[in-house]
Number of protein chains: 2
Amino acid sequence: MNTNSAEILREKGISPSVQRVAIYDYLMTHFTHPTVDEIFKDLSPSIPTLSKTTIYNTLTLFLEHGLIDSFTTDDNTAHYDGNVQSHAHFQCSQCGEIYDIPMPKTEAPQLEGFEINGMKVFYYGICEKCRKKEI
Amino acid sequence: MNTNSAEILREKGISPSVQRVAIYDYLMTHFTHPTVDEIFKDLSPSIPTLSKTTIYNTLTLFLEHGLIDSFTTDDNTAHYDGNVQSHAHFQCSQCGEIYDIPMPKTEAPQLEGFEINGMKVFYYGICEKCRKKEI
DNA sequence: TATAAAAATTGTAATCGTTACAAAATTAAA
DNA sequence: TTTAATTTTGTAACGATTACAATTTTTATA
Ligand SMILES: [Mn+2]
Ligand SMILES: [Mn+2]
Ligand SMILES: [Zn+2]
Ligand SMILES: [Zn+2]
């Protein structure tokens, strides 16, 4: 347990329970865009009483405070991302892995009267690993 | 029922059943990014025996042939789009409506060894209609 | 046209991610 | 310590999607 994580949560007015700190720590060290299930599987051994509901609640709480990001892939599961800096994603259609990639430079869209608060960019294709397997 | 739709399906090697033509027609005249449920509700009156399974099967078939596009929003429902030309989307966080917007010009990302086949761009914010309500 | 085979549709049940909710446990306040 | 507030937990409910077998429709063959 990282004492720094507890401090960051406290700064946001979130009391740093064991579960919350564990989940936050997890996302700050695993930039694999995990699902709730993956977080649960990985944290369960060290927190045997951990409930999935707590993970859902905690992630929603973190999202509301802008501590993390999330996105939903076409397999209808939410993925969570401890990296809140602007970046895009690439998902391999073969192995499903989601890679971080730099956010491409774009000109702001002309949307008269619309207020834009965020943007998500997703690329699809075949990753290097899978392309090498194909040969 | 549009005879042209049937022809387009036939060209792709898809036998144009009543159901398939109706679903294709629907998507070619309703660019509202409907869900399966919305398609079902709208087509049920004219095709009373229509089954949701058929809609799911048909949409998957159309997707495989590149006749339509789809995307999943954060409420974990798939939306379907008869417009397969390159464009981006804007979802209003207030009313949930999804707008078509022009695809912003971007430089291709530098991904050594990766094969890029597609790109999805999603903007979030408040739409004009909702902003006017706020005042 | 009659018959058989193939394709498409349907309805129901199962699955899976997520949410609702109330009880139990923990923490903070008085 | 006693009480109140917060957090966690487990179970049940929910909703979108998928699996699957039966039925219907279409196509091919004789
Ligand atoms: Mn990321
Ligand atoms: Mn669109
Ligand atoms: Zn891959
Ligand atoms: Zn709106």
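Calculation criteria
Residues numbered from 1 in each chain as written. Chains lettered and ligands numbered in written order. Predicted model: local features only at pLDDT ≥ 70, side-chain atom pairs only at ≥ 80, totals over all residues. Heavy atoms only, no water. Near = heavy atom within 4 Å. Polar contact = N/O pair within 3.5 Å; in protein donor to acceptor, adjacent residues only side chain to side chain. Helix = DSSP H or I, 4+ residues; strand = E, 2+ residues; numbered from the N terminus. Nonpolar A, V, L, I, M, F, W, Y, C, P; charged D, E, K, R; others polar. Contact = heavy atoms within 4.5 Å. Buried area = accessible area lost by both parts, 1.4 Å probe. Salt bridge = Lys/Arg side-chain N within 4 Å of Asp/Glu carboxyl O. Least-squares fit on C-alpha atoms with pLDDT ≥ 70 in both.

(A) Region of interest: the protein's contact with DNA strand D. Taken together, 15 residues form the shell around DNA strand D, and within it S15, S17, T49 and T54 of chain A together with Y56 of chain B come nearest. Atoms of DNA strand D within 4 Å of the protein belong to the sugar or the phosphate in 75% of instances, the rest to bases. Contact distances for DNA strand D include 2.5 Å between a phosphate oxygen and a side-chain N or O atom of S15 of chain A. The set of elements that each furnish at least two residues to the surface near DNA strand D consists of α2 (18-29) and α4 (52-64) of chain A together with α4 (52-64) of chain B. When grouped by side-chain class, the residues that make up the surface near DNA strand D number three nonpolar, eleven polar and one charged.

(B) Representation of the interface of chain B and chain A within the structure. Opposite the 32 residues of chain B that make contact, chain A presents 33 residues. Contact with chain A buries area across many residues of chain B, yet F114, K120 and Y123 of chain B alone supply 19% of it, more than any other trio. Run the count over chain B and chain A and you get four salt bridges. In this structure, K120 of chain B engages D74 of chain A in a salt bridge whose closest nitrogen and oxygen atoms are separated by 3.2 Å. Our count for the chain B to chain A interface comes out at 14 residue pairs in polar contact (both at pLDDT 80 or more). Looking at the side of chain B that touches chain A, the elements with two or more residues in it are β1 (69-72), β4 (98-102), β5 (115-126) and α5 (128-134) of chain B. Counting residues per element, the side of chain B that touches chain A draws most heavily on β5 of chain B, which supplies twelve residues.

(C) Looking closely at the side chain of Q91 of chain A. Residue and element names in this part refer to chain A. Here Q91 shows up in strand β3 (residues 87-92). A polar side-chain atom of Q91 sits 3.0 Å from the main-chain carbonyl oxygen of G96. Apart from residues lying up to four places away in sequence, Q91 is in contact with T73, G96, E97, I98, F122, Y123, Y124 and G125.

(D) How the structure looks around the relation of the copies chain B and chain A. Mapping chain B onto chain A leaves a residual RMSD of 0.1 Å; the transformation is a rotation of 179 degrees accompanied by 0.0 Å of translation along its axis. Both chain copies can therefore be described as sitting about a two-fold axis. Comparing interface residues between copies, 100% of those in chain B also lie at the interface in chain A; the contact surface is shared.

The analysis is restricted to geometry; functional conclusions fall outside its scope.
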